[in-house]
Amino acid sequence: MRITHPQGQFIQSDDLIAALTPRTRVISVSHVRFDDGSILDASALSAACKRNGTLLVLDVSQSCGAVPMDVRSLGADFIVCAGYKYLLSPFGTGFLWAKRQNADLLRPGPYNWLSQDVESFAHLNYVDPGPARTLSRWDAAEASSIYNFNLTVMEASLKFVLNATPTLIHDHNQALISYFFERLPDRCRLASPRQASQRGVFGCIEAGSRSDTESLYQTLRDERFVVALREGRIRVAPHLLNSTQDIDRLLVSLAKAAL
């Protein structure tokens, strides 16, 4: 395994493309980075991977539901996503998408009776079971059934996201982050791309040293702001329930902390 490091401040598709060799079998990368919000040009990377005979695994946990996307445009061979981010679903939910021609490249594990290529429990093969021809081979036994309340809640949350539309969520959140970045106190500096087209729908900031940032994070948490500390950066991730008034309140707290 080889880890690719960015040539600039943020990882870019060109960094990964430059690291490709004839021996590169798989690239696994996030569409949007969790610690700085930078977004990857997935289509350019997938085209390079295809030319090189390399499989692309794209993690869209930080973008799916808040960034409009089309699997054909992304071009990845496999797409994975945690449900509890912008899909607004419970912990333990998520999905795996694969190009049809790649499904047989994956072997299910752990293997359970729902992974078999049978229609019902009554027809289980105990001798030489074959995997399901669909991606149900990856389902998690009874936990994947309709009786799992997590999936029932996930279905409702997905309907909400689709009805609201990722485009609306994207534009609303981007506007709030741009508003936030434009008014950031001098003590704080950006840890995300300033240009909206180069980031997802959240933004990260730093304050002086890492310990200063951690201290500022604790101050914000004490003031009941729901922010996250990721790799020494404070992540601010608004959603549809937030407004510029919320951002203004955050900016006031940041300014006071800088005094």
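Please refer to the structure higher up on the page.
On a predicted model such as this, the values are computed, not experimentally measured, just so you know. (Residues numbered from 1 in each chain as written. Predicted model: local features only at pLDDT ≥ 70, side-chain atom pairs only at ≥ 80, totals over all residues. Heavy atoms only, no water.)

Bringing helix α4 (residues 149-164) into the picture now. Over its 16 residues, α4 extends 23 Å from the first C-alpha to the last, a length consistent with the 22 Å expected when each residue adds 1.5 Å. Every buried residue belonging to α4 is among Met154, Ser157, Val161 and Ala164, and all of these are buried. Looking down the long axis of α4, one finds its buried residues gathered within 90° of arc, a one-sided arrangement. Among the exposed residues of α4, those oriented more than 90 degrees off its buried face are Leu162 and Asn163. Where α4 is buried, its residues touch β4 (94-98) and α5 (166-182). Following α4 by one or two positions, threonine 165 has its phi on the positive side, about 80°. (Helix = DSSP H or I, 4+ residues; strand = E, 2+ residues; numbered from the N terminus. Expected span 1.5 Å × (residues − 1). Buried < 20%, exposed > 50% of the residue type's maximum accessible area, 1.4 Å probe, protein only. Arc of directions from axis to C-beta. Contact = heavy atoms within 4.5 Å.)

Here the focus is the nonpolar core. Ranked by size, the top nonpolar core spans 21 residues in total, and within it Phe180, Ile205, Leu220 and Leu254 carry the most contacts. When residues of this core are traced back to their parent elements, those giving at least two are α5, β5 (188-190), β6 (203-207), α6 (210-222), β8 (233-236) and α7 (244-258). Among the elements that make up this core, the one with the highest residue count is α5 (five residues). Excluding residues within four positions of it along the chain, phenylalanine 180 makes contact with Ile205, Val236, Ile247, Leu250, Leu251 and Leu254. (Core = buried A, V, L, I, M, F, W, Y, C linked by side-chain atoms within 4.5 Å.)

Turning our attention to the sheet that holds strand β3 (residues 78-82). Here four strands make up an open sheet; going across it, the order is β1-β2-β3-β4 and the pairing mixed. Every other strand in the sheet has two partners, leaving β1 (26-30) and β4 as the edge strands with one partner each. In this sheet, neighbouring strand axes are inclined to one another by 15° on average, regardless of whether the strands run parallel or antiparallel. Pairing between β3 and β4: five bridges, direction antiparallel. From the neighbouring strand, phenylalanine 78 faces β4, where its bridge partner is alanine 98. (Pairing = 2+ DSSP bridges. Axes fitted to C-alpha atoms, helices over the stretch in contact; angles between N-to-C directions.)

This part is about the pairing of β8. Judged from the three bridges that link them, β6 and β8 form a sheet pairing that is antiparallel. Bridging across to β8, isoleucine 205 finds its partner in isoleucine 234. Summarising the sheet, strand β7 (residues 228-230) and β8 pair through three bridges and their orientation is antiparallel. The partner of arginine 230 across the bridge, within β8, is arginine 233. Adjacent in sequence and paired antiparallel, β7 and β8 are bridged by two residues, among which glutamate 231 carries a positive phi angle near 55°.

Attention shifts here to the sheet that holds β5. One open sheet accounts for four strands, arranged β5-β6-β8-β7; its pairing is antiparallel. If you trace the sheet from one side to the other, it starts and ends with β5 and β7, each paired once. Taking the axes of each pair of neighbouring strands and ignoring which way they run, one obtains an average angle of 40° across the sheet. Sheet analysis places β5 next to β6, joined by three bridges and oriented antiparallel. Its bridge partner being in β6, cysteine 188 is matched across the sheet by alanine 207.

Aromatic rings in a pair are described by how distant their centres are and how their planes are angled relative to each other. This structure, assessed with the given rule, holds two aromatic pairs. Ring plane angle 35° and centroid distance 5.9 Å describe the contact between phenylalanine 180 and phenylalanine 181, whose orientation is recorded as tilted. Just as phenylalanine 180 is buried, phenylalanine 181 falls in that class too. When the ring centre of tyrosine 179 is taken as reference, the NZ or CZ atom of arginine 183 above it lies at 3.6 Å. In this structure, arginine 235 packs its charged tip against the face of phenylalanine 202, placed 5.3 Å from the ring centre. (Phe/Tyr/Trp six-rings, centres within 6.5 Å; stacked < 30°, edge-to-face > 60°. Lys NZ or Arg CZ within 6 Å of the ring centre and 35° of its normal.)

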